[in-house]
Amino acid sequence: MFKISKYVLYDILRNKVVIAYTAFLFIVSMSLFQMEENTSKAVLSLLNIVLIVVPLVSLVFSTIHWYNSYEFIELMLTQPISRKKVISSEYTGISSSLVMAFLIGVGVPVLIYNFDSTGMGLLLIGSMLTLVFTSIAFLASVRSKDKARAIGAALLLWFYFALIYDGLVLTVLFAFSDYPMEKVTLLLSSLNPIDLGRIYLMLQMDVSALMGYTGATYKDFFGSSVGLFYTLGIMVIWIVVPLLIAVRSFNKKDL
Amino acid sequence: MIRIENINKRFKKLHALNGINAHFNKGQVISLIGPNGSGKTTLIKSILGLVKPDSGQIFFNNELISEHVEYRKNIGYMPQIGRYPDNMKIGQLFKMIKNIRPEKEWDEELYFRFKLDTIPDKSMKALSGGTRQKVSAALAFLFNPEVLILDEPTAGLDPLSSEVLKDKILAEKEKGKLILITSHVLSDLEDLTTDVMYLQDGKIIFAKTMTELRAETGEEKLGKAIAWMMKHGLQKQEVSYLKIAR
């Protein structure tokens, strides 16, 4: 399997998009840490950028790469290699290159300026989100008939997770503001990996003190190791489930 | 060796394969012929597992092909239109395929006879249709497979290369391999074929050995024999193909 992943990785490194992505993340992180006096404020700004950019790049890049390597995939499938192996090698190649880009672009500045649990949390959430959205992109690519539809689907999914979902949650919260909503909010945030990542990281920071009673109850949960495992567990579900569905529909697809 | 049982495949309204049954054995060279869109390529792709039939089963050496992918190591496939990673070079492509396969002995006769070794740095996207076809052919024969599936092998090749390829197919036939071949150039199939399978609208119209065909039609040449079959045995709609066959 790693033999094929190696070729996928080699192909990705050659087209330089991932290198540009690394450089972009690196420059943004460095300049944020340079501008802010208080490094934890810089981490907060960086978090907001990461939560927008990482899912978008993971979705769009994975989708485009999948379609660009269609010839390669076809060639592999005329060899004695199973479809499951081909798609998982593709996933390993793409996701590892994107995670590496993130860990270099954001990781190095964080290690230099803000090497503490919040910084590590940011790196963890960013890497997990990369894996989650690469997995979702695979599902969108395999299920779509052509490249244009797949990219359209990827973009719509990004809009949904990054923008629309928050609006829906706010509407729900306003409509039911008379009721205790702590548990429901936790459930709702688990249905969107971006939200979950944001809440988890915000509660690692000092800003959570400003969030009142709800913030305090959440801090008890997310501040403990149970919260960490809960977040990781939900993220893993978000990685595995779309990928499994993608593998299953790829197994049935005609080439 | 390959057994096909009642395969059906629909692409929306088009019934690409309609209840195909067939049995191919070692030493046979089967010519799949029929008009464009008659289901030849779909049948080939079903055998390779690239197209998943809606119903029916395909066995390779009595094992269901949907269960394992290992059977594909015994098949050399030359596609109708070879599509390869654009940013790879010819040399890299061959190196990669050799690398991912466990076999350590290669049949590189075509690679050298097509002089692909002189252009290893040529990028795949810059290749002409004919050179692409040569790459496909060289890849299909590379692992000395028991079964060769050739989808319009000579289309786009210059006469010289076409002869080289035909010699190679003949040599493999002598070794007793099973060869499935589709072509619209019936004269190319003339010296090779032992069996003829005629497909139309996803159905087998007839499947006969060359001896049977010759005896039945009284014609020596494949082209004429097919033409005779079409004139006498088939309905009017096939007349257009008859002209091409001549």
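Report on the accompanying structure. (Residues numbered from 1 in each chain as written. Chains lettered and ligands numbered in written order. Predicted model: local features only at pLDDT ≥ 70, side-chain atom pairs only at ≥ 80, totals over all residues.)

## Points about the overall build of chain A
Step number 1: A tally of helices and strands in chain A yields 12 helices and 0 strands.
Step number 2: Listed N to C, the secondary structure of chain A is α-α-α-α-α-α-α-α-α-α-α-α in terms of helices and strands.
Step number 3: Taken over C-alpha atoms, the radius of gyration comes to 19 Å for chain A, in line with the 18 Å a tight globule of 255 residues would show.
Step number 4: Seen through its principal axes, chain A has C-alpha atoms that stretch 60 × 40 × 30 Å.
Step number 5: Taking all 255 residues of chain A together, 39% fall into the buried category. (Helix = DSSP H or I, 4+ residues; strand = E, 2+ residues; numbered from the N terminus. Rg over C-alpha atoms; globule rule 2.2 N^0.38 Å. Buried ≥ 20, exposed ≤ 12 C-beta atoms within 10 Å, placed from the backbone.)

## Side note on the sheet that holds strand S2 (residues 14–24) of chain B
Within a sheet, neighbouring strands are paired by backbone hydrogen bonds and run either parallel or antiparallel to one another.
All names here are of chain B.
Step number 1: Ordered in space as S2-S1-S4-S5, the 4 strands form an open sheet in which the pairing is antiparallel. A single partner strand is all that each edge strand has here, and the edge strands are S2 and strand S5 (63–64).
Step number 2: Note that strand S1 (residues 2–11) and S2 share 8 bridges and pair antiparallel. What sits directly across from Ile7, in S2, is Ile20.
Step number 3: Packing of helix H1 (residues 40–48) onto the sheet brings it into contact with S1, S2 and strand S4 (55–60), and relative to S2 it is tilted by some 60°. (Pairing = 2+ DSSP bridges. Contact = placed C-beta atoms within 7 Å. Axes fitted to C-alpha atoms, helices over the stretch in contact; angles between N-to-C directions.)

## Things to note about the sheet that holds strand S3 (residues 29–33) of chain B
Residue and element names in this part refer to chain B.
Step number 1: Read across the sheet, 6 strands follow the order S6-S7-S8-S3-S9-S10 without closing on themselves; strand pairing throughout is mixed. Of all the strands in the sheet, just strand S6 (75–78) and strand S10 (203–209) have a single pairing partner and so form its edges. Within the sheet, the average angular offset between the axes of one strand and its neighbour, ignoring direction, is 15°.
Step number 2: Sheet analysis places strand S7 (residues 147–151) next to strand S8 (residues 178–182), joined by 5 bridges and oriented parallel. From the neighbouring strand, Leu148 faces S8, where its bridge partner is Ile179.
Step number 3: In this fold helix H4 (residues 129–141) packs onto S6 and S7, with an angle of close to 175° to the strand it touches most, S6.
Step number 4: Running over the sheet, helix H7 (residues 210–217) touches strand S9 (195–200) and S10 and is turned about 95° from S10.

## Let's talk about the environment of Phe133 of chain A
Residue and element names in this part refer to chain A.
Step number 1: As for its placement among the helices and strands, Phe133 is situated in helix H7 (residues 117–143).
Step number 2: When the C-alpha positions of Phe133 and Val54 are compared, they lie 8.4 Å apart, and in sequence the two are 79 residues distant.
Step number 3: Leaving out residues up to four positions away in the same chain, Phe133 has contacts with Pro55, Ser58 and Leu59.

## Some points on the interface of chain B and chain A
Step number 1: Contacts between chain B and chain A engage 17 residues on the former and 19 residues on the latter.
Step number 2: When its residues are assigned to classes, the side of chain B that touches chain A shows 9 nonpolar, 2 polar and 6 charged. (Nonpolar A, V, L, I, M, F, W, Y, C, P; charged D, E, K, R; others polar.)

## Description of the pairing of S3 of chain B
All names here are of chain B.
Step number 1: Counting buried positions along S3 yields 5 of 5 residues, so the element is predominantly enclosed.
Step number 2: The alternating pattern of S3 places Val29, Ser31 and Ile33 on one face and Ile30 and Leu32 on the opposite face, and all of these are buried.
Step number 3: Summarising the sheet, S3 and S8 pair through 4 bridges and their orientation is parallel. Residue pairing for S8: Ile30 is matched across the bridge by Leu180.
Step number 4: One ladder, built from 4 bridges, connects S3 with S9; its direction is parallel. If you follow Ile33 over to S9, its bridge partner there is Tyr198.

## Some remarks on the packing of helix H10 (residues 193–202) of chain A against helix H12 (residues 225–252) of chain A
Residue and element names in this part refer to chain A.
Step number 1: The N-to-C vectors of H10 and H12 enclose an angle of 160°; their axes lie 10 Å apart at closest approach. When the axis of H10 is compared with that of H12, the two are roughly antiparallel. With respect to the hand of their crossing, H10 and H12 are arranged in left-handed fashion. Taken together, the residues of H12 that come into contact with H10 (itself represented by Pro193, Leu196 and Tyr200) are Gly227, Thr231, Ile234, Met235 and Trp238. (Parallel < 35°, antiparallel > 145°, perpendicular 65-115°, else oblique. Left-handed = near helix turned anticlockwise from the far one by under 90°.)

## Digging into the pairing of S10 of chain B
Residues and elements named next belong to chain B.
Step number 1: The pairing of S9 with S10 spans 6 bridges and is antiparallel. The residue bridging Gln200 from the neighbouring strand is Lys203, located in S10.
Step number 2: Connecting S9 to the antiparallel partner S10 that follows it, the hairpin turn spans 2 residues, and Asp201 within it adopts a positive phi of roughly 50°.

## Notes on the nonpolar core
Step number 1: Counting residues in hydrophobic clusters, the biggest one holds 131 residues, and the most contacted among them are Val132 of chain A together with Ala138 and Ile149 of chain B.
Step number 2: Here this core takes 13 residues from H7 of chain A, the largest share from any one element.
Step number 3: Each residue touching Val132 of chain A, except ones within four places of it in the same chain, is listed here: Pro193, Met235, Trp238 and Ile239 of chain A. (Core = buried A, V, L, I, M, F, W, Y, C linked by C-beta atoms within 7 Å.)

## Points about unusual backbone geometry
Residue and element names in this part refer to chain B.
Step number 1: Of note in the backbone geometry, Asn6 takes a positive phi value of approximately 50° without being a glycine.
Step number 2: Relative to the assigned elements, Asn6 resides in strand S1.
Step number 3: Take Asn6: there are 13 C-beta atoms within 10 Å of it, and that puts it in the partly exposed class.
Step number 4: Its identity as a non-glycine residue notwithstanding, Asp201 has a phi of 50°, on the positive side.
Step number 5: As for its placement among the helices and strands, Asp201 is situated in the loop between S9 and S10.
Step number 6: For Asp201, a count of 16 C-beta atoms within 10 Å translates into the label partly exposed.

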